[in-house]
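Remarks on the overall topology
In case you want the letters, here they are:
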Amino acid sequence: MRRVYLDHSATTPVDVEVATLMMTYYTEKYGNPSSVHSFGREAKQALEEARKQVAELIGATPSEVTFTSGGTEADNLAIIGTAEALRKKGKHIITSSIEHHAVLETCEYLEKNGLDLTVIPVDEEGILSVEDVRKAIRPDTILISVMHANNEVGSIQPIAEIGKLAKEHGITFHVDAVQSLGKIPIDVNEMNVDLLTVSSHKIYGPKGVGALYVRKGVRVVPLVHGGGQEKKRRSGTENTPGIIGFGKACQLAGQRMAEDAEHHTKLRDKLINGILQSIDHVKVNGPMGDKRLPNNVNVSIRFVEGESLLLSLDMLGISASSGSACTSGSLDPSHVLLAMGLVHEIAHGSLRFTLGRQNTEEEIDYVLEQLPKIVERLRMMSPLYDQVMHIKEAQ
Ligand SMILES: *Cc1c(COP(=O)(O)O)cnc(C)c1O
């Protein structure tokens, strides 16, 4: 059966060049980077090269990059690590209502342990207002954590403005940039970011690797204690092949960013316009144009269940997502769509397609040929749709 992968915000394939490079560090250059002998030194050197490659993609210096087991750990380290480091300074943290669970759940964990949490709402496009952040700031605010681009609807947040605000108030600013890395430019200095989370497997690198950028002079208390690797910020023998793969993936992403963005935008707009033209009662979720990630399509199709749509698409080999990958499997509507003001019924019928380098126009044509047929068939079985059509006919 033909298969079309349109779920690149959940994960990406590992680039062949990345995988090939990694293989060497599994089977030949397998030294522990902490060892002093030649095997260790060779691994250490490659590890530091990877650190440079990650730093370069975000405008940081290599010594500010701490490798972790992924985006989730980096988010935890940023948030819990700051709360612990600044325990004496204050106990108030600010985040947004559309954060990834790795941020939201971590903030809620701290709230259960006695910290105060303010969750900033978003508008109907999934974008928060800098003014709302300003109003939420208190004398005891120690951390603001806002994502760069949302994983479900692709909305891009005004990070540089929030960064400026945080800096004016002397508040540590953390940004989850997992979805924006490699897709749109990131500069930690221009954006006044103190802590920035990135992950490898969303940019054609291996799973289980990520990093936290920690601005020079900013302190985070480690979560993992032991041998003192990563300047004591994250103990444990480094996942050398994974990290080296991540570095390579960053280098490639930097080189290809403009080309990828052009390709993604073209397919994105073709898919959005095609859906709007061929299916009625459709709402596009998230902003249009340059406030949206180039590779994100998110639509609510009324009078159908998102889960039924997903299953029907999957039977035709088309892999999409409803809401975020972490919450699919549960039938709760997405917290992001609800935060944007969608009612439950509409949030339930939502579908996310996230594009990647290898997707083609022809694949989008295939989706546009199949999706309207699926929607029509599911709507025929929907009592709600039946009612609406009868009302229309009667008018
Ligand atoms: C995927 C993702 C994460 C988690 O990263 P992992 O490396 O999978 O742990 C965090 N934040 C956002 C926005 C993501 O999309």
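What you see is a predicted model; the values in this text were computed from it and never measured.

Brief notes about the sheet that holds strand 9 (residues 282-284)
One open sheet accounts for 3 strands, arranged 9-10-12; its pairing is antiparallel. Each edge of the open sheet carries a strand with a single partner, namely strand 9 and strand 12 (350-354). Ignoring which end each strand starts from, the neighbouring axes of this sheet average 25° apart. Contacts between helix 8 (residues 306-315) and the sheet are confined to strand 10 (296-301) and strand 12, with strand 12 contributing the most and set at about 45° to the helix.

Description of the pattern of salt bridges
Across all of its chains, the model carries 24 salt bridges by this definition. Close ionic contact of aspartate 260 with arginine 256 constitutes a salt bridge, the shortest N to O distance being 3.0 Å. Of this pair, aspartate 260 and arginine 256 both sit in helix 7 (residues 240-278), separated by 4 residues, roughly a single helical turn. Residue arginine 256 is classed as partly exposed on the basis of its relative accessible area, which comes to 26%.

Considering the nonpolar core
With 56 residues, the main nonpolar core has Ile58, Ile144, Phe173, Leu181, Leu196 and Phe246 as its most contacted residues. Examining the composition of this core, we find that 7 residues originate from one element, helix 7, more than from any other. Counting contributing residues per domain, this core is built from domain 1 (4-10 + 257-394) and domain 2 (16-253), each supplying no fewer than three. Each residue touching phenylalanine 246, except ones within four places of it in the same chain, is listed here: Val54, Phe67, Leu181, Val198, Ser199, Ser200, Ile203, Pro206, Val209, Gly210 and Ala211. Ranked by size, the runner-up nonpolar core spans 29 residues in total, among them Leu267, Leu351, Tyr366 and Leu371.

Observations regarding helix 4 (residues 101-112)
Between its first and last C-alpha, helix 4 extends 16 Å over 12 residues, near the 16 Å set by a 1.5 Å rise per residue. On the buried face of helix 4, the contacting elements are helix 3 (71-85), strand 3 (92-96), strand 4 (116-120), strand 5 (141-145), strand 6 (172-176) and helix 9 (335-339). Of the residues one or two after helix 4, glycine 114 is the one with positive phi, at around 105°.

Considering the domain arrangement of the protein chain
The domain architecture assigned to the protein chain consists of domain 1 (4-10 + 257-394) and domain 2 (16-253). Every contact between the two is made by 29 residues of domain 1 and, on the other side, 32 residues of domain 2. Viewed at the interface, domain 2 and domain 1 are joined by 10 residue pairs in polar contact (both at pLDDT 80 or more). Elements supplying a minimum of two residues to the side of domain 1 that touches domain 2: helix 7, strand 10 and helix 9. With 4 residues, the top contributor of residues to the side of domain 1 that touches domain 2 is helix 9.

Here we look at helix 3
The terminal C-alpha atoms of helix 3, which comprises 15 residues, lie 20 Å apart, in line with the 21 Å expected from a rise of 1.5 Å per residue. By the criterion of burial, helix 3 is predominantly enclosed, with 12 of the 15 residues buried.

The rules we used
- Residues numbered from 1 in each chain as written.
- Predicted model: local features only at pLDDT ≥ 70, side-chain atom pairs only at ≥ 80, totals over all residues.
- Heavy atoms only, no water.
- Pairing = 2+ DSSP bridges.
- Helix = DSSP H or I, 4+ residues; strand = E, 2+ residues; numbered from the N terminus.
- Axes fitted to C-alpha atoms, helices over the stretch in contact; angles between N-to-C directions.
- Contact = heavy atoms within 4.5 Å.
- Salt bridge = Lys/Arg side-chain N within 4 Å of Asp/Glu carboxyl O.
- Buried < 20%, exposed > 50% of the residue type's maximum accessible area, 1.4 Å probe, protein only.
- Core = buried A, V, L, I, M, F, W, Y, C linked by side-chain atoms within 4.5 Å.
- Domains from an automatic or database assignment.
- Expected span 1.5 Å × (residues − 1).
- Polar contact = N/O pair within 3.5 Å; in protein donor to acceptor, adjacent residues only side chain to side chain.

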